[in-house]
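Below are the chains, spelled out letter by letter.
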Amino acid sequence: MTSQVCRSASRAAKSLLSASKTSSFFAEGRAVAAAAAGAKSFRDSAPALASYYRRTGSANVSRGWISGALAVPAAVHMLQDQEVHAAEMERTFIAIKPDGVQRGLIAEIVSRFERKGFKLVAIKLVVPSKDFAQKHYHDLKERPFFSGLCDFLSSGPVLAMVWEGEGVIKYGRKLIGATDPQKSEPGTIRGDLAVVVGRNIIHGSDGPETAEDEINLWFKPEELVSYTSNAEKWVYGQN
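Since we're looking at a predicted model, the values are computed, not measured.

Peer 1: Talk me through the overall build of the protein; I want residue IDs and the actual numbers.
Peer 2: The secondary structure content of the protein amounts to 13 helices and four strands. Each of the 239 residues in the protein was classed as buried or not, and the buried ones make up 41%. A separation of at least 24 residues holds for 76% of the contacts in the protein among residues at least 6 apart in sequence. With the model as given, the accessible surface of the protein reaches about 13700 Å², and the carbon-plus-sulfur share is 53%.

In structure tokens form, the structure reads like this:
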């Protein structure tokens, strides 16, 4: 473990020295941050950094600067968090089925996604054809209940939506609850509002690929709206 930390410290030092020959103090800090990201503990690496600069005689790095660099891990984590934030922002397809629409549950269901902090980027009320329903449930075409499922989806208006947010695909499924309402936890949409599997009021994409396919099936590209919500800085802490 010690040798690994030393190797990480050495790589950080070499990266910083290289940056100091061609760039400013700020660029040096960025070089250390990048190199420190690969170290288990930058604080543990700091003594090795100081030793390296004593041996090399670098004029651009002082003892005080090395001490200040102990704060770099916090900055590194902040940068990493920003990268994770960008990577996790995604979209999912959510549909309130004919039973949910007929029971007047649109406002209730939409409000749950809004209160969570997710952003609505597309919405429309449609009555899908039987052929369209078959396309939506194409992965279930070998199941004995496929025809009945398609008949039901095409039996009345469906509220099709696209929601955006961090982890919206996975957490959207948690908001919805288990397929069988009897097995859904209280507090979930199905757990609170549905009773039987055949009338479980809502559909949600179960993964990134499914979400992409379903969004493309139900919406044209120009129907998807990209915008910044005023609430995002309060939801994600971006000021």
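Peer 1: Could you give an account of the environment of A133, with specific residues and numbers?
Peer 2: Within the element layout of this structure, A133 appears in helix α8 (residues 130–136). Relative accessible area serves as the criterion here: at 0%, A133 is assigned to the buried category. As a C-alpha pair, A133 and L153 span 20 residues in sequence and 6.3 Å in three-dimensional space.

Peer 1: A description of the side chain of H136 should follow, citing residues and the corresponding values.
Peer 2: Structurally, H136 is set in helix α8. Discounting residues that sit within four places of it in the chain, H136 has contacts with F93, L153, H203, E214, L217 and W218.

Peer 1: Break down the pairing of strand β3 (residues 158–166) for me, citing the residues and quoting the values.
Peer 2: In terms of burial, β3 is largely enclosed, as eight of its nine residues are buried. As paired strands, strand β1 (residues 89–96) and β3 are joined by eight bridges and run antiparallel to one another. Across the sheet, A95 pairs through a bridge with A160, a residue of β3. Pairing of strand β2 (residues 119–126) with β3, which is carried by seven bridges, proceeds in the antiparallel orientation. Within the sheet, the bridge partner assigned to I123 lies in β3 and is M161.

Peer 1: Tell me about helix α12 (residues 208–218), and please be specific about residues and values.
Peer 2: Three or more residues of α12 are buried, namely A211, E214, I215 and W218. On an axial view of α12, the arc spanned by its buried residues comes to 100°, and they lie on one face. Exposed and facing more than 90 degrees away from the buried side of α12 are E209, E212 and N216.

Peer 1: With reference to specific residues and values, describe the side chain of K97.
Peer 2: The residue K97 is located in the loop between β1 and α6 (98–102) in this model. Put simply, K97 is tucked away with no salt bridge, and the nearest opposite charge, on D99, sits 6.4 Å away. Once residues lying within four places of it in the same chain are set aside, the contact partners of K97 are Y137, F152, L153, P157, R190, N200, I201, I202 and H203.

Peer 1: Explain the confidence of the model for the protein to me, using residue names and the numbers behind them.
Peer 2: Per-residue pLDDT for the protein averages 78, and the proportion of residues at 70 or more is 63%. When the criterion is pLDDT under 50, residues 12–43 qualifies, and its contacts beyond four places in sequence or with other chains add up to 47 contacts. Throughout residues 83–87 the model reports pLDDT below 50, and contacts reaching past four residues in sequence, or to other chains, amount to three contacts.

Peer 1: So what's going on with the nonpolar core? Residues and values would help.
Peer 2: In a soluble, globular protein the nonpolar side chains are often hidden away together inside. One finds I109, F113, W163 and I202 to be the most contacted residues of the largest nonpolar core, which totals 20 residues. Listed by contribution, the elements that provide at least two residues to this core are β1, α7 (106–116), β3, α10 (168–176) and α11 (189–193). With four residues, the top contributor of residues to this core is α10. Not counting residues within four places of it along the chain, the set of residues in contact with F113 comprises I94, F118, W163, G172, L175, I176, I189 and I202. Core analysis: the next-biggest nonpolar cluster, separate from the first, contains 16 residues, A133, F146, A160 and I215 among them.

Peer 1: I'd like a rundown of the UniProt feature "binding site: ATP" (unreviewed entry) in the protein, residues and numbers included.
Peer 2: Per the UniProt record, the feature "binding site: ATP" (unreviewed entry) sits at K97, F145, R173, T179, R190 and N200. Structurally, R173 is set in helix α10. Classification of R173 as partly exposed rests on a relative accessible area of 37%. When sequence neighbours within four positions are dropped, the list of residues in contact with R173 reads G204, S205 and D206. By the element assignment, N200 lies in the loop between α11 and β4 (202–204).

Peer 1: Provide a residue-level description of the packing of aromatic side chains, including the pertinent values.
Peer 2: Here the structure, examined in full by the defined rule, presents six aromatic pairs. Here F93 and F219 contribute two aromatic rings whose centre-to-centre distance is 6.5 Å and whose plane-to-plane angle is 65°, an arrangement assigned as edge-to-face. Here F93, found in strand β1, pairs with F219, found in the loop between α12 and α13 (232–236); they are 126 residues apart in sequence, far enough to count as distant. Each member of the aromatic cluster is reached from another via a ring pair, and the members are F93, F132, W218 and F219. Across the ring face of Y171, the terminal group of K116 is positioned such that the distance to the ring centre comes to 3.8 Å.

Here is what the cut-offs are and how they apply
Residues numbered from 1 in each chain as written. Predicted model: local features only at pLDDT ≥ 70, side-chain atom pairs only at ≥ 80, totals over all residues. Heavy atoms only, no water. Helix = DSSP H or I, 4+ residues; strand = E, 2+ residues; numbered from the N terminus. Buried < 20%, exposed > 50% of the residue type's maximum accessible area, 1.4 Å probe, protein only. Contact = heavy atoms within 4.5 Å. Areas by Shrake-Rupley, 256 points an atom, 1.4 Å probe, with all protein chains shown as cover. Pairing = 2+ DSSP bridges. Arc of directions from axis to C-beta. Lys, Arg positive; Asp, Glu negative; His and termini not counted. Salt bridge = Lys/Arg side-chain N within 4 Å of Asp/Glu carboxyl O. pLDDT = per-residue confidence, 0-100. Core = buried A, V, L, I, M, F, W, Y, C linked by side-chain atoms within 4.5 Å. UniProt positions renumbered as here; feature names shortened; annotations may be inferred. Phe/Tyr/Trp six-rings, centres within 6.5 Å; stacked < 30°, edge-to-face > 60°. Lys NZ or Arg CZ within 6 Å of the ring centre and 35° of its normal.

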